[in-house]
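# Chains, contacts and geometry: an overview
Below are the chains, spelled out letter by letter.
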Amino acid sequence: MSFGETPITVIGNLTADPELKFTEGGAALAKFTIAATPRTYDKDSGQWRDGTATFFRCAAWRQLAEHAADSLTKGARVVAHGRIRQHDWKTDQGENRSMLVMEVDEIGASLRFTTVSINAKRPAQGAPTAGSDAWDTGRTASTSKTEGDEPPF
C-alpha cells in the first residue's frame, strides 16, 4: 500500500459468486460485491434488527483473484482488507461518472458463524515454504518447556 491510500477492512456477505476474468495480458481479475449490514439489539422487542446495508464493489487481482473465485461463493461471510480506489470515466453520452471500488489485498472466510477447511496451494515464487517459517523456533508440539526457556522474540 502506498502513502496516502485509504485502507479499509470490510466484514460482510458476498452478494454473488466472484466473477473471474482475465486481461489481455493474462492477469486474473475477480470482481465481487460485499454487503455489510449492521445489526442492533432492540431491548423493547428482544429482537435483533438489521440496519441499512452498505454494498462494497470489490476487485482482486492475479493469484488472489483465482483463489477467491475458487474458494468463495454467494452468501459467504468474508473479511476483506484493501484500499479504496476511485475510477472515473465518460459515458457514451459524454457524461462524467465516478465509482469507488475496494481493491482487495487480503480476503478470507469469517469464522464467526462457520468453520472452514484450509487446502494449501503451492506457495508463490519467493514465498516462505514449510520449514522456512521465520516464526519457527525449532520446537515440535511434543517438546516440553523447560525452566529458563524464553519465547523466541
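Our structure's up above, just so we're on the same page.
Residues numbered from 1 in each chain as written. Predicted model: local features only at pLDDT ≥ 70, side-chain atom pairs only at ≥ 80, totals over all residues. Heavy atoms only, no water.

## Observations concerning the overall build of the protein chain
Applied cut-off: Only DSSP runs of H or I covering at least 4 residues are called helices, and only runs of E covering at least 2 are called strands; the numbering of each starts at the N terminus. Burial classification: accessible surface area is computed with a 1.4 Å probe over protein chains only, and a residue below 20% of its type maximum counts as buried, one above 50% as exposed, and the rest as partly exposed. Here a residue-residue contact requires only that any non-hydrogen atoms of the pair lie within 4.5 Å. All accessible areas in this document rest on Shrake-Rupley with a 1.4 Å probe, and a residue is counted as covered only by the protein chains that are shown.
The secondary structure content of the protein chain amounts to 1 helix and 8 strands. From first element to last, N terminus to C terminus, the protein chain shows the α and β order β-β-β-β-β-β-α-β-β. Taking all 153 residues of the protein chain together, 21% fall into the buried category. In the protein chain, 58% of the contacts between residues at least 6 apart in sequence involve partners at least 24 apart. Carbon and sulfur atoms form 49% of the exposed surface of the protein chain, whose accessible area is close to 11,800 Å².

## Focus on the pairing of strand E1 (residues 6-14)
The following threshold applies: The criterion for strand pairing is that DSSP finds at least two bridges linking the strands in question.
Across 8 bridges, E1 lies against strand E7 (residues 77-90) in antiparallel orientation. Note on E7: the bridge partner recorded for Val10 is Ala80. Of the strand pairs in this sheet, E1 and strand E3 (residues 28-36) are connected by 2 bridges, and their pairing is antiparallel. When the sheet's bridge partners are listed, Leu14 is paired in E3 with Ile34.

## As for the environment of Val10
Within the element layout of this structure, Val10 appears in strand E1. Using a relative accessible area of 4% as the deciding quantity, one classes Val10 as buried. Sequence spacing of Val10 and Val78 is 68 residues, and the spatial spacing of their C-alpha atoms is 8.0 Å. Not counting residues within four places of it along the chain, the set of residues in contact with Val10 comprises Ile34, Ala36, Phe56, Val78, Val79, Ala80 and Met102.

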